[in-house]
Amino acid sequence: MGSEKDDQHLEHSSAGNACRSLTVRGRTFRTGSLVLGGLALAGCSSMVAPKPTDPEALAEYQEANDKYEPLNRKMYDLSVTVDKYTTRPVAKAYVWAVPVPVRKSLGNMVQTMNEPVVFFNDVGAGKPRRAGDAFVRWCINMVAGVGGFIDVAKYAGYPHHDNDGGLTLATWGIASGPYLFLPMMGPSTFRDGIGYGLDQGLSPWNYVPRGYGLLTFNWAYNIMGVINTRANHLDDLDQVQRDALDPYATIRSAYQQQRKAMAEAIKNDHRATVPDWYN
Amino acid sequence: MKTRLTRRLLLGTVTTLGLMLSVAQPAAAAESASAFVHQLGDRLVAIVNSDLPAAQKKEKVLPILQQDVDVDAIGRFCLGRYWRVATPEQQAEYLKLFHQVLANAITDKLGDYRGVSFTIGGTTPKGEDQSVDAILHRPQQPDANMEWIVNESSGAPKVVDVIGEGASLRLTQRQDYASYIQRNGGQVSTLLTALQHQIERHSTATGN
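Bear in mind the structure is a predicted one, so any value in this text is a computation, not a measurement.

### A look at a nonpolar patch on the surface
Residues and elements named next belong to chain A. Together, Val146, Phe149 and Ile150 make up an exposed nonpolar region whose accessible area comes to about 260 Å². Mapped onto the fold, phenylalanine 149 is located in the loop between helix 8 (128-143) and helix 9 (152-155). Here phenylalanine 149 falls in the partly exposed class, since its relative accessible area comes to 35%.

In structure tokens, the structure reads:
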């Protein structure tokens, strides 16, 4: 809404949404970058930010939770530059060329195809109601939604919810560890990075036999996922770049707050397993 | 017997009343915070969804911002530990700039959200503040969860923070400013210059 608070909210949540989204999609390419980031981290002890001695500065340092800030900033700058010349123009062209309904369908498809990962994570987090919702969404959308292109489940009372390996680990009480900015993947933490690796293992698409049309599908799906996600956040990310004095710090803050809130929301979801109409 | 009963009755009544009041007070605060957010939201949505030109929408929103949002408190929070370091002149200058930056950020977006509506959810106390849940319904976009943080210490309820999908506006802003100051020599004056530039850039971009 154009109300003042909402705008403030949108502006800031958009930073968070954008960063969250950056971590959500992608497969091979991003696993590669995860490994790259890990190697870079291991190789650079000079990449650790010095711990301040002043108590207030120390509190700020701890709040930011960014031990590897010098390295992270390099990765951030690199990602922004690469994005400026590759993903962003592609996403802009996509938005310009493809009409909204088609983009929406493709977005639905990408989301539905990720539903198994959400399901396994819901199970892992010990939240049967959420797992049930994800399972039903997958079944309904794959059949009635013609392979996920139409989000029928939403209209049937099963709206999409997010979950991923990092959040599951968070519900197990595992701390996030230091903040990380992974090249081309976006904001993350040690825990969320590991969770991302787990998600790759949970995604059935990585077990599909190679060959036939499936390899093509996998590539198309991944590329689609990246473009679709970036396109959804064109305005948000542009705005952060324009309005924040230090976009890196803004994204870092929004991302970490949001992940914390998401994990809390999952932990506090004590809804009954039976659907609403049963009660 | 009679006096004892009366005294017991009296004491009992006083205690019960006291208890009821102490229970009722937070409930009343929650109710008024929720009502406040509701009517504030209604007014804003009415402006956003109206057919007025952008300039007029802006004109109508600004007084609401001054009246119902504690911009000074948000500004102080955002400057964090540097607020105490700043001289009184710097503090005044900063708040002046902060008002403009916030107003610009909000009025820029007025045009983008036609057709929105919202639902108010429950209210939970958060320290001295009341947190009012709301869901924002946007056309063509998924619903967004938000929390409006309302403080009544100044006598009238005022918004002191908005949390969108888990990220607090003022906390994110504070980390942005803190990081900027820290990386640019640790002086508040650098922040003031940067805000000044931001406002100038904005006025050249929008032509006003």
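Having put the structure on the table, let's press on.
### Here's the deal with the confidence of the model for chain B
On average, residues of chain B carry a pLDDT of 85, and 86% of them reach 70 or more. This complex was scored by the predictor with a pTM of 0.82 and an ipTM of 0.80.

### Quick notes on the interface of chain B and chain A
Counting from both sides, the interface comprises 53 residues of chain B and, opposite them, 39 residues of chain A. Carbon and sulfur atoms make up 55% of the area that chain B and chain A hide from each other, which totals about 3700 Å². The tally of links from chain B across to chain A stands at five salt bridges. When the shortest N-O distance is used, the salt bridge between glutamate 60 of chain A and arginine 81 of chain B registers 2.7 Å. Across the chain B-chain A interface, the total number found is 14 residue pairs in polar contact (both at pLDDT 80 or more).

### Topic: the nonpolar core
Ranked by internal contacts, the top residues of the largest apolar core, which has 52 residues, are Tyr94, Phe98, Tyr177, Leu191 and Leu195 of chain B. Filtering out sequence-adjacent residues up to four positions away, leucine 191 of chain B remains in contact with Leu245 of chain A together with Leu79, Tyr94, Tyr177, Tyr180 and Ile181 of chain B. Ala91, Val208, Tyr221 and Met224 of chain A belong to the second-largest nonpolar core, a separate cluster that totals 14 residues.

### Quick word on helix 8 of chain A
Helix length check: helix 8 of chain A, at 16 residues, gives a terminal C-alpha distance of 22 Å against a target of 22 Å (1.5 Å per residue), a fit within 8%. Considering only its buried residues, helix 8 of chain A is in contact with helix 6 (100-113), helix 7 (115-124), helix 9 and helix 14 (247-267) of chain A.

### So, the side chain of lysine 57 of chain B
Relative to the helices and strands, lysine 57 of chain B is located in helix 2 (residues 54-68). Salt bridges are absent for the buried lysine 57 of chain B, whose nearest opposite-charge side chain, aspartate 51 of chain B, sits at 7.0 Å.

### Considering the pattern of salt bridges
Under the criterion given, the structure shown has 25 salt bridges over all chains. A salt bridge links glutamate 264 of chain A to lysine 267 of chain A; its shortest N-O distance comes to 3.7 Å. Of this pair, glutamate 264 of chain A and lysine 267 of chain A both sit in helix 14, three residues apart, which is roughly one turn of the helix. Taking relative accessible area as the criterion, lysine 267 of chain A reaches 33% and is therefore assigned partly exposed. Salt bridges linked by common partners bring Asp66, Glu69, Arg73, Asp246 and Arg252 of chain A together with Arg183 of chain B together as one network.

### Here we look at the packing of aromatic side chains
Residue and element names in this part refer to chain A. Summed over the entire model, instances satisfying the criterion amount to 14 aromatic pairs over all chains. Seen in terms of ring centroids, tyrosine 68 and phenylalanine 190 are 5.9 Å apart; in terms of plane orientation they differ by 35°. Their pairing is tilted. Note that tyrosine 68 is positioned in the loop between helix 3 (55-64) and helix 4 (69-85) and phenylalanine 190 in helix 11 (residues 190-202), a separation of 122 residues in sequence. Of the residues examined, tyrosine 68 reaches a relative accessible area of 14% and is grouped as buried. Taking 5.6 Å as the distance between ring centres and 45° as the angle between the ring planes, the aromatic pair formed by phenylalanine 119 and phenylalanine 135 counts as tilted. Linking phenylalanine 119 in helix 7 with phenylalanine 135 in helix 8, this pair joins segments that are 16 residues apart in sequence. Taking the relative accessible area as the measure of exposure, phenylalanine 119 reaches 23% and is therefore partly exposed. Residue phenylalanine 135 is classed as partly exposed on the basis of its relative accessible area of 43%. Here the aromatic cluster, defined as three or more aromatic residues joined through ring pairs, consists of Tyr76, Tyr179, Phe181, Tyr248 and Tyr255.

### Some words on helix 6 (residues 169-183) of chain B
Residues and elements named next belong to chain B. The terminal C-alpha atoms of helix 6, which comprises 15 residues, lie 21 Å apart, in line with the 21 Å expected from a rise of 1.5 Å per residue. For helix 6, the tally of buried residues reaches eleven of 15 residues, placing the bulk of the element in the interior. Within helix 6, the full set of buried residues consists of Leu169, Arg170, Thr172, Gln173, Gln175, Asp176, Tyr177, Ala178, Ser179, Tyr180 and Ile181. Once helix 6 finishes, glycine 185 follows within two positions and takes phi at roughly 95°, a positive value.

### Re the packing of helix 4 of chain A against helix 14 of chain A
Residues and elements named next belong to chain A. The interhelical angle for the contact between helix 4 and helix 14, taken along N-to-C directions, is 105°, at an axis separation of 11 Å. By the criterion of interaxial angle, the relationship of helix 4 to helix 14 is roughly perpendicular. Residues Glu69, Asn72, Arg73 and Tyr76 of helix 4 form the contact with helix 14, whose own contacting residues are Pro247, Tyr248, Ile251 and Arg252. Among the residues making up the contact of helix 4 with helix 14, the classes are represented as four nonpolar, one polar and three charged.

Calculation criteria
Residues numbered from 1 in each chain as written. Chains lettered and ligands numbered in written order. Predicted model: local features only at pLDDT ≥ 70, side-chain atom pairs only at ≥ 80, totals over all residues. Heavy atoms only, no water. Patch = residues over 30% accessible without salt bridge, like charges linked within 9 Å, V, L, I, M, F, W, Y side chains within 5 Å. Areas by Shrake-Rupley, 256 points an atom, 1.4 Å probe, with all protein chains shown as cover. Salt bridge = Lys/Arg side-chain N within 4 Å of Asp/Glu carboxyl O. Helix = DSSP H or I, 4+ residues; strand = E, 2+ residues; numbered from the N terminus. Buried < 20%, exposed > 50% of the residue type's maximum accessible area, 1.4 Å probe, protein only. pLDDT = per-residue confidence, 0-100. Contact = heavy atoms within 4.5 Å. Buried area = accessible area lost by both parts, 1.4 Å probe. Polar contact = N/O pair within 3.5 Å; in protein donor to acceptor, adjacent residues only side chain to side chain. Core = buried A, V, L, I, M, F, W, Y, C linked by side-chain atoms within 4.5 Å. Expected span 1.5 Å × (residues − 1). Lys, Arg positive; Asp, Glu negative; His and termini not counted. Phe/Tyr/Trp six-rings, centres within 6.5 Å; stacked < 30°, edge-to-face > 60°. Axes fitted to C-alpha atoms, helices over the stretch in contact; angles between N-to-C directions. Parallel < 35°, antiparallel > 145°, perpendicular 65-115°, else oblique. Nonpolar A, V, L, I, M, F, W, Y, C, P; charged D, E, K, R; others polar.

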